[in-house]
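Residue-level listing of the chains:
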Amino acid sequence: MSQGIADNDRPPPVRPVFSAVTWKEIAHLVSNLPVAIVGFVYAVVMVSGTGGLSVTAVGLPLLACGLYLSRQLGRLERARARALLGVRVEEPSPIPGPKRAGGFFPWLWTSIKDPVGWRTVLYQLVRLPWGVFTFTVALTGLFVLWPVLPYVVRLLANADRAMVRGLLSPSDELERRIAELESDRGVVVDTAAADLRRIERDLHDGAQARLVALAMGLGLAKEKLLEDPEGAAAMVDEAHGEVKLALQELRDLARGIHPAVLTDRGLDAALSSVASRCVVPVKVAVDLPARPAEAIEGIAYFVVSELLQNVSKHAGPDARGAGVEVWREGARLLIRVSDDGRGGAAASGGSGLAGLGERLDAVDGVLVVDSPAGGGTTVTAELPWRDRAGAGVGPG
């Protein structure tokens with residue numbers, strides 16, 4: 001919803017007779033004082049306390065936690081304004097946790113420079129004198145300003161509405177989101193370039209080299225066809241074997257880009273095909289009301305394929321089986337790949353899981369790894385659900 005004043009946000013015209021809207025505005029103005037006292041004391045204690053401790057190791061984490069609690073006070077203020085003033089302000093998006101932010105220190109830096117938290121602190125600081133003023137005017141006005149009190153209350157309430165929209169709206173959050181999307185776009189571009197280099201390398205080192213050798217072998221066989229028919233036949237047989245290997249490599253390469261079974265039959269069949277190539281038995285369960293968008297479906301296939309390759313490489317000889325579950329929950333597509341191997345996997349920097357997490361983050365996805373040593377591994381991935389072009393909107 002727009003952050004501007006929508007038609008249904010406008011209160012009805014003021015009348016000398018007190019309406020329900022006027023009584024709500026009076027209640028908001030009177031409650032400003034106790035709410036402002038709590039917010040002012042919290043803001044002063046938080047800023048002064050964390051400022052004094054900022055030279056220590058605990059100062060900055062405490063400041064991040066303090067700004068998080070300021071966000072919660074801002075949420076309560078938006079709820080109070082929504083209930084008593086009819087102001088509807090969108091909630092700012094939450095700050096990503098340490099896992100999604102890429103570690104503790106990136107999360108700490110994002111939390112400390114959070115514009116929403118700092119604007120809420122400013123709101124709490126300026127509200128105390130305003131709360132004293134509105135409390136005094138509203139309370140005394142009930143006795144001495146009765147004839148004109150609705151007009152005075154409306155004027156003060158409109159100032160409150162402006163403060164809420166100006167300081168508690170998520171306008172700066174949009175700028176932060178744009179910066180995140182720009183960063184994610186860079187990840188997508190780098191990933192696409194890396195995939196292109198991988199395809200070129202696989203073609204050059206695999207099928208292309210075999211086809212060059214095949215052409216040379218057929219040329220030699222042609223020269224020997226009349227002089228040494230048996231030798232030429234042997235060379236043709238060898239070339240036939242090279243053709244089969246080249247075709248297999250091209251199929252594997254195409255399967256890694258986007259397999260035909262995924263396009264034709266969807267995730268269930270495509271993931272079953274991937275699972276059949278795993279070194280341990282894999283149970284596949286796909287429960288989707290409809291097929292997602294082609295891009296989301298392709299990413300989901302790639303995620304499961306990479307995770308099952310990790311199972312084959314790292315689960316260990318004690319692994320007896322693995323499982324793949326895919327389902328939809330609301331506006332998210334969830335994927336869970338688990339095995340009963342040796343565990344110990346980590347999405348640390350430089351690992352394959354870290355790269356997979358970056359790819360998911362670039363499309364507003366999430367990757368969570370649970371892999372205690374000796375306790376197996378469970379990797380859960382979330383993707384945004386988008387309906388396939390030309391399909392109806394699924395449930396949820």
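If you're wondering where the values come from, they're calculated on a predicted model, not measured in any experiment.

1. Section: the overall build of the chain
Alright, step 1. When you go through the chain residue by residue, the secondary structure sums to 12 helices and five strands.
Alright, step 2. The buried share of the chain, taken over its 396 residues, is 35%.
Alright, step 3. Taking as baseline every contact in the chain between residues at least 6 positions apart, the subset at least 24 positions apart corresponds to 74%.
Alright, step 4. Working note: accessible area of the chain is about 21,700 Å², and carbon and sulfur atoms make up 64% of it.

2. Re the nonpolar core
Alright, step 1. Leu308, Val324 and Ile335 are the most contacted members of the largest nonpolar core, which has 35 residues in total.
Alright, step 2. Contributing elements (two or more residues each) for this core: helix H10 (267-276), helix H11 (294-314), strand S2 (322-329), strand S3 (332-339), helix H12 (352-362), strand S4 (366-370) and strand S5 (377-384).
Alright, step 3. No other element matches H11, which puts eight residues into this core.
Alright, step 4. Once residues within four sequence positions are removed from consideration, isoleucine 335 is found in contact with Ala300, Val304, Glu325, Val326, Val379, Thr380, Ala381 and Leu383.
Alright, step 5. Formed by nine residues, the second largest nonpolar core is a distinct cluster that contains Ala43, Leu63, Leu67 and Val121.

3. Some remarks on the confidence of the model for the chain
Alright, step 1. With 79% of its residues at a pLDDT of 70 or more, the chain shows a mean pLDDT of 79.
Alright, step 2. Contacts for the low-pLDDT stretch residues 1-7, under 50 throughout, to residues beyond four places or in other chains number 15 contacts.
Alright, step 3. Between residues 392-396, whose pLDDT stays under 50, and residues either more than four places distant or in other chains, the model counts eight contacts.

4. Looking at the sheet that holds strand S1 (residues 282-287)
In a beta sheet, neighbouring strands are held together by backbone hydrogen bonds and run either parallel or antiparallel to one another.
Alright, step 1. Read from one edge to the other, the open sheet built from five strands follows the order S1-S2-S3-S5-S4, with strand pairing classed as mixed. Each of the sheet's edge strands pairs with one partner strand only, and the pair in question is S1 and S4. For this sheet, the mean inter-axis angle between neighbouring strands, taken without regard to orientation, is 10 degrees.
Alright, step 2. Where S1 meets S2, six bridges bridge the pair, whose relative direction is parallel. Residue aspartate 287 lies in a different strand from S2, and its bridge partner there is tryptophan 327.
Alright, step 3. Strand contacts of H10: S1 and S2, with the helix running at about 170 degrees to S1, the strand carrying the most contacts.

5. Focus on a nonpolar patch on the surface
Alright, step 1. Taken together, the side chains of Phe143, Val144, Leu145, Val148 and Tyr151 define a hydrophobic patch exposed on the protein surface, amounting to about 520 Å² of accessible area.
Alright, step 2. Residue classification places valine 148 among the partly exposed positions, given a relative accessible area of 42%.

6. Some words on the environment of glycine 321
Alright, step 1. Its location among the elements puts glycine 321 in the loop between H11 and S2.
Alright, step 2. Given a relative accessible area of 18%, glycine 321 falls into the buried group.
Alright, step 3. Along the chain, glycine 321 and lysine 283 lie 38 residues apart, while their C-alpha atoms are 7.9 Å from each other.

7. Overview of the pattern of salt bridges
Alright, step 1. Within the structure shown, the criterion is met by 11 salt bridges.
Alright, step 2. Across the salt bridge formed by glutamate 91 and arginine 75, the nearest N and O atoms sit 3.8 Å from each other. With a gap of 16 residues between them, glutamate 91 in the loop between helix H2 (59-84) and helix H3 (98-101) and arginine 75 in helix H2 connect regions that are remote in the sequence.
Alright, step 3. On the accessibility criterion, arginine 75 (41% relative accessible area) is partly exposed.
Alright, step 4. In this structure, glutamate 382 and arginine 332 form a salt bridge, with 3.2 Å as the shortest nitrogen-oxygen distance. Placement of glutamate 382 in strand S5 and of arginine 332 in strand S3 is noted, with a sequence separation of 50 residues between them.

Scoring rules and cut-offs
- Residues numbered from 1 in each chain as written.
- Predicted model: local features only at pLDDT ≥ 70, side-chain atom pairs only at ≥ 80, totals over all residues.
- Heavy atoms only, no water.
- Helix = DSSP H or I, 4+ residues; strand = E, 2+ residues; numbered from the N terminus.
- Buried < 20%, exposed > 50% of the residue type's maximum accessible area, 1.4 Å probe, protein only.
- Contact = heavy atoms within 4.5 Å.
- Areas by Shrake-Rupley, 256 points an atom, 1.4 Å probe, with all protein chains shown as cover.
- Core = buried A, V, L, I, M, F, W, Y, C linked by side-chain atoms within 4.5 Å.
- pLDDT = per-residue confidence, 0-100.
- Pairing = 2+ DSSP bridges.
- Axes fitted to C-alpha atoms, helices over the stretch in contact; angles between N-to-C directions.
- Patch = residues over 30% accessible without salt bridge, like charges linked within 9 Å, V, L, I, M, F, W, Y side chains within 5 Å.
- Salt bridge = Lys/Arg side-chain N within 4 Å of Asp/Glu carboxyl O.

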